[in-house]
Amino acid sequence: MILRLRSESPEDTLAVARTLGEELRPGDVVALTGDLGAGKTLFCKGVGEALGIPPDRIVSPTFTIVTEHEGPVPLMHIDVYRLSGAREADEIGMRELLSGDGVCLVEWAEKISELLPTDCIQVTFTISGDDRREIEVAAPDLPRFDDFRARSKRFQLH
Ligand code: ADP
Ligand code: MG
């Protein structure tokens, strides 16, 4: 399933993220791709909210690669911006992390594409204006993502 969504404000992006977050299950990996300032971290806040994590806990860290948030479902917020690539990520245990029981959100996921599970959820952001973003969501064909499609209708581009 591939959906193209239009966000016209940070609040829209949060709403899309919360809606996706409500469909996520332990073990899911969400790969986030997009330029600096595209909205990846904001999206993580929205997903976190849906999983019971207060949004102010999810921040863009300067040096930390992995932040674990405890909740009903553990949430791993991963930002690989400062890693050189898949090999370095592998050396610090990324493979194990991505195959664990938490929900993993990976910012700059394209840097470690070789390590991502084939059934991961891909979210790609394009900046199309000061407050406008195009958000493409590619997810496995599963009923829970059909629910996401139905519940995100107002943001869909046709
Ligand atoms: P990234 O993690 O991709 O570098 P952030 O989520 O940290 O990006 O920052 C996105 C910035 O863009 C925030 O300051 C946010 O307020 C702003 N912004 C403006 N419009 C939008 C939008 N429609 N969706 C997401 N962020 C937006
Ligand atoms: Mg970020």
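Predicted model, so just to flag it, every value in this text is computed and none were measured.

Scoring rules and cut-offs
- Residues numbered from 1 in each chain as written.
- Chains lettered and ligands numbered in written order.
- Predicted model: local features only at pLDDT ≥ 70, side-chain atom pairs only at ≥ 80, totals over all residues.
- Heavy atoms only, no water.
- Axes fitted to C-alpha atoms, helices over the stretch in contact; angles between N-to-C directions.
- Helix = DSSP H or I, 4+ residues; strand = E, 2+ residues; numbered from the N terminus.
- Parallel < 35°, antiparallel > 145°, perpendicular 65-115°, else oblique.
- Left-handed = near helix turned anticlockwise from the far one by under 90°.
- Contact = heavy atoms within 4.5 Å.
- Nonpolar A, V, L, I, M, F, W, Y, C, P; charged D, E, K, R; others polar.
- Salt bridge = Lys/Arg side-chain N within 4 Å of Asp/Glu carboxyl O.
- Buried < 20%, exposed > 50% of the residue type's maximum accessible area, 1.4 Å probe, protein only.
- Near = heavy atom within 4 Å.
- Polar contact = N/O pair within 3.5 Å; in protein donor to acceptor, adjacent residues only side chain to side chain.
- Areas by Shrake-Rupley, 256 points an atom, 1.4 Å probe, with all protein chains shown as cover.
- Phe/Tyr/Trp six-rings, centres within 6.5 Å; stacked < 30°, edge-to-face > 60°.
- Pairing = 2+ DSSP bridges.

A.B. asks: Run through the packing of helix α1 (residues 10-21) against helix α5 (residues 143-151), naming residues and quoting values.
C.D. replies: Two elements in contact, α1 and α5, have axes separated by 9 Å at closest approach and are oriented at 155°. The angle between α1 and α5 falls in the class roughly antiparallel. Note on packing geometry: the crossing formed by α1 with α5 is right-handed. Packed against α1, whose contacting residues are V16, T19 and L20, the element α5 presents F145, F148 and R151 at the interface. A breakdown of the residues in the contact of α1 with α5 according to their chemical character gives four nonpolar, one polar and one charged.

A.B. asks: Describe the pattern of salt bridges, and please don't skip the residues or the numbers.
C.D. replies: In total, this model carries nine salt bridges according to the counting rule given. Put simply, R144 and D28 hold a salt bridge, and the shortest N to O gap is 2.8 Å. Within this pair, whereas R144 is found in helix α5, its partner D28 is found in the loop between α1 and β2 (29-33), the two being separated by 116 residues in sequence. By the burial criterion, R144 is buried, and D28 matches it. Residues joined by salt bridges that share partners form a network here, namely R6, E8 and R132.

A.B. asks: How would you explain the site of ligand 1 if you had to name every residue and give the values?
C.D. replies: The environment of ligand 1 is made up of 16 residues, and the closest members are T13, G37, K40, T41 and D131. Side-chain polar atom of T13 to a nitrogen atom of ligand 1: 2.6 Å apart, as the coordinates give it. At 2.9 Å from an oxygen atom of ligand 1 is found a main-chain nitrogen or oxygen belonging to L42. A total of 570 Å² of accessible area belongs to ligand 1 in isolation, and the protein chains cover 75% of it. Put simply, the parts of the chain that give the shell around ligand 1 at least two residues each are α1 and α2 (40-50). Looking at the shell around ligand 1 residue by residue, the class counts come to four nonpolar, six polar and six charged.

A.B. asks: Requested: an account of the packing of aromatic side chains, with residues and values cited.
C.D. replies: Applying the stated rule across the entire model yields two aromatic pairs. Judged by centre distance (5.5 Å) and plane angle (80°), the rings of F43 and F125 are edge-to-face. Of this pair, F43 sits in helix α2 while F125 is found in strand β6 (residues 121-127), placing the two residues 82 residues apart along the sequence. Using a relative accessible area of 5% as the deciding quantity, one classes F125 as buried.

A.B. asks: Can you break down the sheet that holds β6 residue by residue, with the values?
C.D. replies: In sheet architecture, strand pairing relies on hydrogen bonds along the backbone and comes in two forms, parallel and antiparallel. Read across the sheet, seven strands follow the order β1-β7-β6-β2-β5-β4-β3 without closing on themselves; strand pairing throughout is mixed. What marks the edges here is a single partner per strand, and that holds for β1 (2-7) and β3 (66-69). Averaged over all adjacent pairs, the angle separating strand axes in this sheet is 15°, with direction ignored. In the sheet, β6 pairs with strand β7 (residues 133-138) via six bridges, with the strands oriented antiparallel. In the sheet register, F125 faces β7, and the bridge partner there is I135. Across the face of the sheet, α1 comes into contact with β1, β6 and β7 while running at roughly 145° to β1.

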